[in-house]
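Spelled out from the first residue to the last, the chains are:
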Amino acid sequence: MAKSKSKSLTRVEQALARAGVPAHILEMDGETRTAEQAAQKAGCALDQIAKSIIFQGEKSGAIYLFITAGANRVDSARAAQLTGEPLMRADGKTVRDVTGFAIGGVAPIGHLSPIVAFYDPRLSDFDTVWAAAGTPRHIFEIAPAILREISAAKEAEFVC
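So, a few notes on the structure that sits alongside this text. Here the structure is a predicted model, which is why all the values come from computation and not from measurement. (Residues numbered from 1 in each chain as written. Predicted model: local features only at pLDDT ≥ 70, side-chain atom pairs only at ≥ 80, totals over all residues. Heavy atoms only, no water.)

1. Brief notes about the layout of surface pockets
The computed volume of the largest pocket comes to approximately 390 Å³. What lines the largest pocket is a set of 22 residues, and nearest its centre among them are Arg 33, Lys 51, Ser 52, Ile 53 and Gly 104. Listing elements by their share of the lining of the largest pocket, those giving two or more residues are α2 (35–42), β2 (49–57) and β6 (129–132). By residue number, the principal contributor to the lining of the largest pocket is β2, which donates 6 residues. Per-class residue counts for the lining of the largest pocket are 14 nonpolar, 5 polar and 3 charged. (1 Å grid on protein atoms, 1.4 Å probe; cavity = no way out; pocket = protein on both sides within 12 Å on 5 of 7 lines; lining within 4 Å. Points joined across faces, edges and corners; volume = space filled by probe spheres on them. Helix = DSSP H or I, 4+ residues; strand = E, 2+ residues; numbered from the N terminus. Nonpolar A, V, L, I, M, F, W, Y, C, P; charged D, E, K, R; others polar.)

2. Regarding the packing of aromatic side chains
Evaluated as defined, the whole model comprises 3 aromatic pairs. With a centroid separation of 5.2 Å and 20° between ring planes, the pair formed by Phe 66 and Phe 118 is classed as stacked. Here Phe 66 is found in strand β3 (residues 63–69), whereas its partner Phe 118 is found in strand β5 (residues 116–119), with 52 residues between them in sequence. By the burial criterion, Phe 66 is buried, and Phe 118 matches it. Summarising the aromatic geometry, the rings of Phe 66 and Phe 158 are spaced 5.0 Å apart at their centres and angled 65° between planes, so their arrangement reads as edge-to-face. Highlighted residues: Phe 66 in strand β3 and Phe 158 in the segment after β8 (153–155), separated in sequence by 92 residues. The buried category is assigned to Phe 158, whose relative accessible area is 0%. Through a chain of ring-to-ring contacts, three or more aromatic side chains come together here, namely Phe 55, Phe 66, Phe 118 and Phe 158. Sitting over the face of the ring of Phe 101, Arg 11 holds its NZ or CZ atom 4.6 Å from the ring centroid. (Phe/Tyr/Trp six-rings, centres within 6.5 Å; stacked < 30°, edge-to-face > 60°. Buried < 20%, exposed > 50% of the residue type's maximum accessible area, 1.4 Å probe, protein only. Lys NZ or Arg CZ within 6 Å of the ring centre and 35° of its normal.)

3. Overview of the side chain of Gln 48
Relative to the helices and strands, Gln 48 is located in the loop between α2 and β2. Here Gln 48 falls in the buried class, since its relative accessible area comes to 14%. Discounting residues that sit within four places of it in the chain, Gln 48 has contacts with Phe 126, Thr 128, Val 129 and Trp 130. (Contact = heavy atoms within 4.5 Å.)

4. Observations regarding the nonpolar core
Within the largest apolar cluster, 30 residues are counted, with the highest numbers of intra-cluster contacts made by Val 12, Ile 54 and Phe 140. Only α1 (7–18), β2, β3, α4 (92–99), β5, β6 and β7 (138–142) provide two or more residues apiece to this core. Judged by nonpolar contacts, the second largest core, of 12 residues, contains Phe 66, Ala 79, Phe 118 and Ala 156. (Core = buried A, V, L, I, M, F, W, Y, C linked by side-chain atoms within 4.5 Å.)

5. As for α4
Side chains of residues three or four places apart in an α-helix project in the same direction, reflecting 3.6 residues per turn. All of the buried residues in α4 are Thr 94, Val 95, Val 98 and Thr 99. Each buried residue of α4 sits inside an arc of 105° when the element is viewed along its axis, so together they form one side. As for α4, its buried residues are in contact with α1, β2 and β3. Where α4 begins, the side chain of Asp 91 points an oxygen toward the backbone nitrogen of Lys 93, at a separation of 3.0 Å. (Arc of directions from axis to C-beta. Polar contact = N/O pair within 3.5 Å; in protein donor to acceptor, adjacent residues only side chain to side chain.)

Structural measurements only, silent on function.
As structure tokens, then:
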């Protein structure tokens, strides 16, 4: 009996299809929970991995997505300036409730709820980047400008 496809992966495929973007999704042998693992499996530069980092507003509880190049880290002070409030890392339950994805497989698209997103300009230095496709075993390839557009992310400086 064939294993059924994950609902998370299906949501990413559907989001790509709605945007008119051909899906080039790779299933990895082993997990790609870290940017380093994903880059190694995809055979690309570490900064070609578009990480989806979720923060939560300390005052509002709002969820924010920061799409950043693989080697970069989100600077919490700069990120807080963008959102207008102090931020904390969202816990796993909150991430799953809002995005529908587990940490380690959070895609930049296909979320269960709309999310405010910011985009690291470093990703635009490449012809293509790779992002989580909803599971720790799947990544998809996409042009950075298209990723920014379909994730509705605002380009901003928020890395350290």
